[in-house]
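Analysis of the macromolecular model
The lines below spell out each chain.
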Amino acid sequence: MDRNGEPSALSAGANSVLGSPLRLLSGTVTYVAALFLVSTMGYVRAGWPLGDAAYMVLLTIFSVGYGEVRPIDTTFLRLWTTMTIVLGCTGMIVLTGALVQVFTLFQFRRLLGLDKMQTEIEKLTGHIIICGYGRIGVQLAKALTEARAPFLILERSPAKAEEAKAHGYLTLVGEATQEETLREAGITRARVLASVLPDDAANVFITLSARNLNPGVQIIARGEAPSTESKLFHAGADKVVLPTHIGAERITELILYPATDAVTQGAEMGTFKRNLHDFGLDLEVVRAAEKGALTGESVGEAERRGNGAFFIVRIERANGQSIEHPGEDVRIEAGDQVMLVVRGSRLSAGAIFTTPARPVKQGRTWS
């Protein structure tokens, strides 16, 4: 059952698998019990004691064949016994078959670990649901594992689901566009849903369904086409990621500002950059051009001309000297690698150091 008191999709799936054998078993048990009572009453009506009648019916139904408890010497008794043999033995055959099916299916579920998976899913709360185990889903799962954040992978491909399970990830095979599957994944208890399928239409539909099932969940959706971004926001996504756009920006930065990538590598710098991003800031390293607009200026003057767009935290001289937290009177020399903390566009901030000297437009404000 989910939090709303409705059967979960996993329970519904279990019922679909086990429902028929269980119904057959319960129906057959009811049939055999009714036959036992009716047949016993028939012998009692023929004048037999209740104990003898019940014992006779039991021997007949189970085909033991110890012999007749009392002589079957009337037409009624012969017909009644014949009926008990035919109906009783048929009922026991069906009952045996139903028991075998139920025991086999329960053992099969235990072998596949379905009961264990259901238990683990039901324990999840405040977790992250990843829809899709493709290229982005794989990287996301690795990162969340390193961060020790609880998550569940929803994947419709059994092959990819098995791959995720092989890495030790809690995985559910199902179609994320179906509300039953999202309920099964614990969407009502989830903290974040990341829809990272390569299909824009599917991501929009998943976003709609997830927002309907849990208005408070944070939804991060992937978009391939730029036009999909507005549709995802309209469907209820909190944030939209466009991998193509991000990739293009990253390549542009590597082309124009390779020094930034070289300086900011490493786990500590990566953590520092993530912390800056939380405050809307970024880290950039630029080389002061020979005749750059700010070459020869002091740190204080450079920051004033930047009008709040950046501030300088370190200068690496061409001779190997490193100046941490340079004062306002420190001069920027040609060839210096200047580390900036940037507010706004990295490209426009770094361009001030690399473009030829010319008047810098004033009036830039924090935005």
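Up top you'll find the structure we're talking about.
Residues numbered from 1 in each chain as written. Predicted model: local features only at pLDDT ≥ 70, side-chain atom pairs only at ≥ 80, totals over all residues. Heavy atoms only, no water.

To continue, consider the overall build of the protein. Helix and strand content of the protein: 14 helices and 10 strands. Taken over 367 residues, the protein has a buried fraction of 41%. In the protein, once contacts between residues fewer than 6 apart in sequence are set aside, the share between residues at least 24 apart is 60%. Surface summary for the protein: the accessible area is close to 20400 Å², and the carbon and sulfur share equals 59%. (Helix = DSSP H or I, 4+ residues; strand = E, 2+ residues; numbered from the N terminus. Buried < 20%, exposed > 50% of the residue type's maximum accessible area, 1.4 Å probe, protein only. Contact = heavy atoms within 4.5 Å. Areas by Shrake-Rupley, 256 points an atom, 1.4 Å probe, with all protein chains shown as cover.)

Further remarks concern the pattern of salt bridges. Pairing of side chains with opposite charge becomes possible as their charged atoms draw close. Scanning all chains against the criterion turns up 12 salt bridges. Residue Asp-52 pairs with Arg-70 through a salt bridge whose shortest N-O separation is 3.0 Å. Of this pair, Asp-52 sits in helix α2 (residues 50-61) while Arg-70 sits in the loop between α2 and α3 (75-112), placing them 18 residues apart in sequence. Looking at Asp-52, the relative accessible area reads 25%, which means it is partly exposed. (Salt bridge = Lys/Arg side-chain N within 4 Å of Asp/Glu carboxyl O.)

Here we take up the sheet that holds strand β4 (residues 192-195). Taken together, the 6 strands give an open sheet; going across it, the order is β3-β2-β1-β4-β5-β6, and neighbouring strands pair in parallel fashion. Looking at the sheet topology across the chains shown, the edges are occupied by β3 (171-173) and β6 (239-241). Averaged over all neighbouring strand pairs, the angle between strand axes comes to 20°, with direction disregarded. Examined bridge by bridge, strand β1 (residues 128-131) and strand β2 (residues 151-155) share 4 bridges and lie parallel to one another. When the sheet's bridge partners are listed, Ile-130 is paired in β2 with Ile-153. (Pairing = 2+ DSSP bridges. Axes fitted to C-alpha atoms, helices over the stretch in contact; angles between N-to-C directions.)

In this structure the tally under the stated criterion is 4 aromatic pairs. Pairing Phe-76 with Trp-80 gives two aromatic rings, centres 5.5 Å apart and planes at 20°, and the pair type is stacked. Remark: Trp-80 and Phe-76 occur in helix α3; sequence separation between them is 4 residues, near one turn of the helix. Look at Phe-76 and you get partly exposed, because its relative accessible area is 38%. A network of ring pairs unites the aromatic residues Tyr-133, Phe-151 and Tyr-169 as a single cluster. (Phe/Tyr/Trp six-rings, centres within 6.5 Å; stacked < 30°, edge-to-face > 60°.)

The next thing to look at is the sheet that holds strand β8 (residues 310-316). Pairing within the open sheet is antiparallel, and its 4 strands lie in the order β7-β10-β8-β9. On the outer flanks of this sheet lie β7 (281-287) and β9 (322-324), each paired with one strand and no other. If you compare each strand with its neighbour and ignore which way they point, the axes differ by 25° on average. Examined bridge by bridge, β8 and β9 share 3 bridges and lie antiparallel to one another. Within the sheet, the bridge partner assigned to Arg-314 lies in β9 and is Glu-324.

Moving on, we come to a nonpolar patch on the surface. Taken together, the side chains of Tyr-55, Leu-58, Phe-62, Val-64 and Tyr-66 present a nonpolar region at the surface, about 540 Å² in accessible area. Structurally, Leu-58 can be placed in helix α2. For Leu-58, a relative accessible area of 40% corresponds to the partly exposed category. (Patch = residues over 30% accessible without salt bridge, like charges linked within 9 Å, V, L, I, M, F, W, Y side chains within 5 Å.)

Looking now at unusual backbone geometry. Residue Arg-148 is not a glycine yet carries a positive backbone phi of 55°. Looking at the secondary structure, you find Arg-148 in the loop between α5 (135-146) and β2. Look at Arg-148 and you get exposed, because its relative accessible area is 78%. Here His-325, not a glycine, exhibits a phi torsion of approximately 45°, which is positive. Using a relative accessible area of 66% as the deciding quantity, one classes His-325 as exposed.

Each α-helix turn comprises 3.6 residues. Residues three or four places apart therefore point the same way. Regarding helix α13 (residues 299-306), the residues found buried are Val-299, Gly-300, Ala-302, Arg-305 and Gly-306. Those residues of α13 that are buried lie in contact with β8. Once α13 ends, the next one or two residues include Asn-307, with phi positive near 55°.

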